[in-house]
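For reference, the chains in residue letters:
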Amino acid sequence: MAEKEKLLEIKNLKKYFPVKGGVLQRTIGHVKAVDDVSFDIFKGETLGIVGESGSGKSTLGRTILKLLDPTEGSILFEGNELAKLSHRKMRPYRQNMQMVFQDPFASLNPRMSIGELIEEPMVVQQSMSKQERKDKVVDLLRKVGLPEEAREKYPHEFSGGQRQRIGIARALSINPKFIIGDEPVSALDVSVQSQVLNLMEDLQDEFDLTYLFIAHDLSVVKHISDRVGVMYLGRLAEIGPKEKIYSNPLHPYTQALLSAVPVPNVETKREKIYLKGELPSPSNPPAGCTFHTRCPEAHERCRLEKPEMVHQGEGQYVACHLYTPAAVK
Amino acid sequence: METRVQPEMVPKPDIIEEKAPKSLSPFQLAMRRFLKNKLAIAGIGILGFFVIIAIFADVIAPHDPTAYDMYNIEAKASSEHWLGTDSSGRDNFSRLIHGSRISLTIGFFAMMFTILIGVTLGSLAGYYGGKVDSVIMRATDLMLILPFLLLVLTIIAILERINIGIFIVIIAFTTWPQITRIIRATFLSLREKEFILGARSIGASDARIIFRHFLPNAVGPIIVNATLMMANLIIIESALSFIGFGIPQPTPTWGNMITEANSLRMLEGHWEAWLPPGLAILLTVLAINFIGDGLRDAFDSRS
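Residues numbered from 1 in each chain as written. Chains lettered and ligands numbered in written order. Predicted model: local features only at pLDDT ≥ 70, side-chain atom pairs only at ≥ 80, totals over all residues. Heavy atoms only, no water.

## With respect to the overall build of chain A
Here is step 1 of the chain: Counting its secondary structure elements, chain A contains 10 helices and 12 strands.
Here is step 2 of the chain: Over its C-alpha atoms chain A spans a radius of gyration of 21 Å, differing by no more than 12% from the 20 Å that the globule rule assigns to 329 residues.
Here is step 3 of the chain: Seen through its C-alpha atoms, chain A measures out along the principal axes to roughly 70 × 60 × 45 Å.
Here is step 4 of the chain: Counting only residues that meet the buried cut, chain A has 52% of its 329 residues in that class. (Helix = DSSP H or I, 4+ residues; strand = E, 2+ residues; numbered from the N terminus. Rg over C-alpha atoms; globule rule 2.2 N^0.38 Å. Buried < 20%, exposed > 50% of the residue type's maximum accessible area, 1.4 Å probe, protein only.)

## Observations regarding the overall build of chain B
Here is step 1 of the chain: Scanning chain B from N- to C-terminus turns up 12 helices and zero strands.
Here is step 2 of the chain: Reading the helices (α) and strands (β) of chain B from amino to carboxyl end gives α-α-α-α-α-α-α-α-α-α-α-α.
Here is step 3 of the chain: What you see for chain B is a C-alpha radius of gyration of 26 Å, clearly larger than the 19 Å of a compact globule of 303 residues, by over 25%.
Here is step 4 of the chain: In terms of principal-axis extent, the alpha carbons of chain B reach across some 90 × 85 × 25 Å.
Here is step 5 of the chain: A total accessible area of about 16,100 Å² is found for chain B, and carbon and sulfur atoms account for 67% of it. (Areas by Shrake-Rupley, 256 points an atom, 1.4 Å probe, with all protein chains shown as cover.)

## Re the domain arrangement of chain A
All names here are of chain A.
Here is step 1 of the chain: Domain parsing of chain A yields domain 1 (6–96 + 208–323) and domain 2 (97–175).
Here is step 2 of the chain: Between domain 1 and domain 2, the C-alpha centre-to-centre distance is 30 Å.
Here is step 3 of the chain: Counting residues at the interface gives 15 residues for domain 1 and nine residues for domain 2.
Here is step 4 of the chain: Summing both sides of the interface, domain 1 and domain 2 together bury roughly 1,000 Å²; the carbon and sulfur share of this comes to 61%.
Here is step 5 of the chain: The interface formed by domain 1 and domain 2 includes zero salt bridges.
Here is step 6 of the chain: On inspection of domain 1 and its partner domain 2, the count reaches five residue pairs in polar contact (both at pLDDT 80 or more).
Here is step 7 of the chain: Every element with two or more residues in the side of domain 1 that touches domain 2 is listed here: α1 (57–64) and α2 (87–94).
Here is step 8 of the chain: A per-element tally of the side of domain 1 that touches domain 2 places α2 first, with four residues. (Domains from an automatic or database assignment. Contact = heavy atoms within 4.5 Å. Buried area = accessible area lost by both parts, 1.4 Å probe. Salt bridge = Lys/Arg side-chain N within 4 Å of Asp/Glu carboxyl O. Polar contact = N/O pair within 3.5 Å; in protein donor to acceptor, adjacent residues only side chain to side chain.)

## A short note on the sheet that holds strand β9 (residues 227–232) of chain A
Residues and elements named next belong to chain A.
Here is step 1 of the chain: Taken together, eight strands build an open sheet; the order of strands is β6-β7-β8-β3-β9-β10-β12-β11 and the sheet is mixed. On the outer flanks of this sheet lie β6 (97–100) and β11 (310–311), each paired with one strand and no other.
Here is step 2 of the chain: The pairing of strand β7 (residues 178–182) with strand β8 (residues 210–215) spans five bridges and is classified as parallel. Across the sheet, I179 pairs through a bridge with Y211, a residue of β8.
Here is step 3 of the chain: With respect to the sheet, helix α5 (residues 160–172) is in contact with β6 and β7, its orientation differing from that of β6 by roughly 175 degrees. (Pairing = 2+ DSSP bridges. Axes fitted to C-alpha atoms, helices over the stretch in contact; angles between N-to-C directions.)

## A word on the nonpolar core
Here is step 1 of the chain: Grouped together as the largest cluster of nonpolar side chains are 69 residues, with contacts concentrated most on F167 and F187 of chain B.
Here is step 2 of the chain: Beyond its immediate chain neighbours, meaning those up to four positions away, F167 of chain B contacts I106, I156, I162, E237, L240, F245, G246 and I247 of chain B. (Core = buried A, V, L, I, M, F, W, Y, C linked by side-chain atoms within 4.5 Å.)

## Describing the pairing of strand β4 (residues 72–77) of chain A
Residues and elements named next belong to chain A.
Here is step 1 of the chain: Sheet topology note: the strand β1 (residues 6–21)/β4 ladder contains five bridges and is antiparallel. Residue L8 lies in a different strand from β4, and its bridge partner there is F77.
Here is step 2 of the chain: Two elements, β4 and strand β5 (residues 80–81), share two bridges in a ladder whose sense is antiparallel. Bridge pairing in β5 links F77 to N80.
Here is step 3 of the chain: What sits between β4 and β5 in their antiparallel hairpin is a turn of two residues, with E78 showing a positive phi close to 50 degrees.

As structure tokens, this is what we get:
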């Protein structure tokens, strides 16, 4: 990886949700949804984040956009610290960062027409005349492949894929530099998934966008991403260029995930790695490496010591004791 | 027989004028469902009838509803007094007509005022949560703990003079907790929706999120509860008048008229004095409840 311009730097980001209990509703613990995650996003790339349900990938996306307040850590967007900003102070930055949501049936206000929906970010963020906004809406509708008449219609008149296009048009309406896709295609049929993915890729070229693409579908992530990060129980297990991750996964969890991807050829012989047990509760994650309870290669050190992210060459980082030199005793 | 039509004579089927079916907002769709509900339409008819009577009461009523006629106390029905007269010789029919005015006015404005308080407090509690929510919810708890009737009677007893305005304020002051809770609950369920997050993610202000995203999605519960509440308030007004704590005489209200018949003698021998106002209350409340039920069905159906 040559020196690329960093758009976003995430450093030691943590998001803990308090767990309340008892008669007095005191905080009795924390769900560590995102626990000490650090990575960079470079300008113009697509970073895919994969992980199973409950691994904290959606929380990560929402925390970066400050829809949730981070517990700790820093979020640098073009060098500006966002982590501590209030909702009001955050407003100018939202011009540059937008989100496409997971559920196309819940992410559009059912009482607003498509025109109003796409227009809303412009109303909030920019001072444009009514006519300018209308022109922009028509333009955006065309770009995402919907007819102009859609402007007058309401969300319930559209299918899931069409609604997701509307969601994309809405996100694009204020020309952001960075878009977080929070499982934007996981609620769609496979045939529609590819349409929406291709649309997102086309728009990326056209508008020079940077994506953080959150998904649990490895093949979707492989299709769209330049780099891929794998999350497990709130932590980043491995991150690196797509080719490296898919051809040479280092972390045992990544290996297990990839071995579970179905291959469209019954003849292929392949070794499946089955993980034992369930995903541990994020309110009480295992000590040391969070993966050691299910890891086929776990050893003593994994139970005691939390592994750090270590560079393995060519931009591939892994948090696993198999690849870190043993601490000198 | 030249029955054959020349080909060029065949009228071209009008190019189907692609009259794109007009797009309806969810609210319009609900209204369309509502209009298919026969009971609700009947309710609108009955309520409309009373509203018209209330508006034109001065024209319809043959007598002044507050005019005494001491020579004609508790008269039987006659061509002069269609429903007889009350204990002060006031014409019952005129009082019935004018009573619709008071009942509907109190029902409507007390409802509006209650909704205003309830929606404001419910929105604040549901939107901000935390401390704001705690304070408002404890206040509603406090109001709900106090027995409604006792509270109203105490307030009315403390105040020396009661007129319609004060009465409306008292009613609203004592009935807002229910609607507050309903609005808060609606907000809490909406708060988890992704489109609310979406509104936040574009940097929308709190006011914008409440007015453009929460409230339009809460119109269903608000309208339904407002309607049902209005029926309730009309009964409350009548009940309070009946026990003598409502709008004081000689103002004609349906409740006051029934109070007049508060004796066995009247009940047995003078049905024309108390049956019509009773029926009027029954019909109005029934009509409003039909409308409310129709609205609930229209807004609730998840189609």
